[in-house]
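Residue strings, one per chain:
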There are 2 protein chains.
Amino acid sequence: MAGMSKARGRPRTFDRDAALEAAIRLFWERGFEATSLGELTEAMGIRPGSLYAAFGDKKALFREAVEVYGRSPVGSFPARALAEEPTARGAVSRILREAAAVYADPSHPAGCLAISAATNVTAQDDEIAKFLRDVRNAGLAAIEERLRRAQEEGELPAGADASALASYFATIVQGLSQRARDGADAAELSQVAELALAAWPDGG
Amino acid sequence: MAGMSKARGRPRTFDRDAALEAAIRLFWERGFEATSLGELTEAMGIRPGSLYAAFGDKKALFREAVEVYGRSPVGSFPARALAEEPTARGAVSRILREAAAVYADPSHPAGCLAISAATNVTAQDDEIAKFLRDVRNAGLAAIEERLRRAQEEGELPAGADASALASYFATIVQGLSQRARDGADAAELSQVAELALAAWPDGG
DNA sequence: TCCATTCTTGAGCAGTCACTCAACAAATAG
DNA sequence: CTATTTGTTGAGTGACTGCTCAAGAATGGA
């Protein structure tokens, strides 16, 4: 950490970040198991040996792909909304509206990588499915936490069920991702997002 | 068709319906590609040769599994609700409430087979993904049709957007299935269903 | 009895899967 | 220079994939 000395040995001949970006795309499009190492190495422009040297194995590459995706604008918009919007209502509306726009954006694969990339998985890759499940449930917990704070601060009525509301909005987000993968465009998803906001206590 | 003559040749030694039921369970649990022929033959209690003789190939078996699932109580509740309920409002509420109960019923795999069994698929099995996508979009179209009729009959306000509402409810259903697969129980999903109904024009 | 028909069985097919490794290449350190 | 370290390469690993097929078994019909 301190020395930051020059790297020894033969330097890497490919751009690690660019290669990872290619892997993200593929996993996003097809999912973890449906993406083969052959497809990965071809899209990343490297040979299997380089992939294993640089990323570990397929599971480690996937985990890193999910992490980097989660820090990208497309993957981090819910966390940003929760952190930046002054009100819970504002945060939730922004999440739904941005989800509608982002999930149907044709410049990248449809929907959310964390929602759709490990739904059909062999027994031996169950840990990968669990990994993404935990990511999703953490997102749900973050919404619920924000709603509880809103309740303490008086923004959300004391009679409202923060837990149920959080589940509801998480359900909408996951549904939007699925509908985008089924071909729904941004206009259609936006209408869904607006309708979904009607469930907010005291009307839309 | 007319003769109904006795079957010639060696009779089948296994129960075709029971074997198909076992296949449905596996596909429901893991999805199309993540279920191997080895797992199928073991669960169905037959050898590969018998499977191919009785069902064709893996894709044909899957299609038949989806069809039979779609005629079962668990798979046909949306169509039943649309056909049996006198009002569109009643049909939609029933769909959401039954989805909450059925998708989280621990006596069978979580969620909906048609929603979750072919989301991560290789290029060579794209037709299977398309097949289920069409099934889902047909479900959406059925809801939209019912809402349009409700609008003609005056149940739904003329100003309401039947298409957007249908998309919204389809999004909820798909979201409920996903949440069930993530471990949400019936109580949680029921709360989501009730909140979702708040979007119905003129309040819940 | 003998044939035709249908099903079951077990062995095994070509292809793909994720992954590995010895040999070579390119860099730094001394 | 040599030694060390790290990366790339191409061939290849065993295990698994969906699937097939010849041989044998069980039925009905003549």
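So, here's what we can say about the structure.

What counts, and where the lines are drawn
- Residues numbered from 1 in each chain as written.
- Chains lettered and ligands numbered in written order.
- Predicted model: local features only at pLDDT ≥ 70, side-chain atom pairs only at ≥ 80, totals over all residues.
- Heavy atoms only, no water.
- Helix = DSSP H or I, 4+ residues; strand = E, 2+ residues; numbered from the N terminus.
- Contact = heavy atoms within 4.5 Å.
- Areas by Shrake-Rupley, 256 points an atom, 1.4 Å probe, with all protein chains shown as cover.
- Near = heavy atom within 4 Å.
- Polar contact = N/O pair within 3.5 Å; in protein donor to acceptor, adjacent residues only side chain to side chain.
- Nonpolar A, V, L, I, M, F, W, Y, C, P; charged D, E, K, R; others polar.
- 1 Å grid on protein atoms, 1.4 Å probe; cavity = no way out; pocket = protein on both sides within 12 Å on 5 of 7 lines; lining within 4 Å.
- Points joined across faces, edges and corners; volume = space filled by probe spheres on them.
- Salt bridge = Lys/Arg side-chain N within 4 Å of Asp/Glu carboxyl O.
- Buried < 20%, exposed > 50% of the residue type's maximum accessible area, 1.4 Å probe, protein only.

Another point: the overall build of chain A. Helix and strand content of chain A: ten helices and zero strands. Listed N to C, the secondary structure of chain A is α-α-α-α-α-α-α-α-α-α in terms of helices and strands. Oriented by its inertia axes, the alpha-carbon framework of chain A measures out at about 65 × 45 × 35 Å. Relative to all contacts within chain A whose residues are 6 or more apart in sequence, the contacts with residues 24 or more apart total 65%. Just so you have it, chain A exposes about 9,500 Å², and 52% of that area is on carbon and sulfur atoms.

To continue, consider the protein's contact with DNA strand C. Taken together, 23 residues are adjacent to DNA strand C, and A:L37, A:Y52, B:R8, B:G9 and B:R10 come closest. Of what DNA strand C places within 4 Å of the protein, 75% of the atoms are sugar or phosphate. Note that a sugar or linking oxygen of DNA strand C is positioned 3.3 Å from one of the side-chain N or O atoms of A:R8. The separation between a phosphate oxygen of DNA strand C and a polar side-chain atom of A:Y52 is 2.6 Å. Per element, the largest residue contribution to the surface near DNA strand C is three residues, and it comes from helix 3 (residues 48-55) of chain A. Among the residues forming the surface near DNA strand C, the class breakdown is seven nonpolar, eight polar and eight charged.

Once that is clear, we can look at empty space enclosed by the protein. If a probe the size of a water molecule is rolled over the atoms, the empty space left behind becomes visible. Residues and elements named next belong to chain B. Applying the stated criterion to the full structure yields one cavity of 30 Å³ or more. Approximately 30 Å³ is the volume found for the largest cavity. Along its surface, the largest cavity is lined by V92, I95, L96, I143, F169 and V173. Listed by contribution, the elements that provide at least two residues to the lining of the largest cavity are helix 6 (88-103) and helix 9 (162-181). Tallying contributions element by element places helix 6 first for the lining of the largest cavity, with three residues.

Let us look at the layout of surface pockets. Counted as a void, the largest pocket has a volume near 700 Å³. Lining the largest pocket we find 32 residues, and of these A:S116, A:A118, A:T119, B:S116 and B:T119 sit closest to its centre. Those elements giving two or more residues to the lining of the largest pocket turn out to be helix 1 (16-30), helix 7 (113-116), helix 8 (126-152) and helix 9 (162-181) of chain A together with helix 1 (16-30), helix 8 (126-152) and helix 9 of chain B. In the lining of the largest pocket, the residues fall into eleven nonpolar, seven polar and 14 charged.

Turning our attention to the pattern of salt bridges. Considering all chains together, one arrives at 30 salt bridges over all chains under this definition. B:E64 is the salt-bridge partner of B:R16, the closest N and O atoms lying 2.7 Å from each other. Here B:E64 lies in helix 4 (residues 58-71) and B:R16 lies in helix 1, a separation of 48 residues in the sequence. For B:R16, a relative accessible area of 22% puts it in the partly exposed group. Connected through salt bridges with shared partners, the residues A:K59, A:R63, A:D125 and A:E127 form a single ionic network.

Geometric descriptors of this kind do not, in isolation, establish any biological role.
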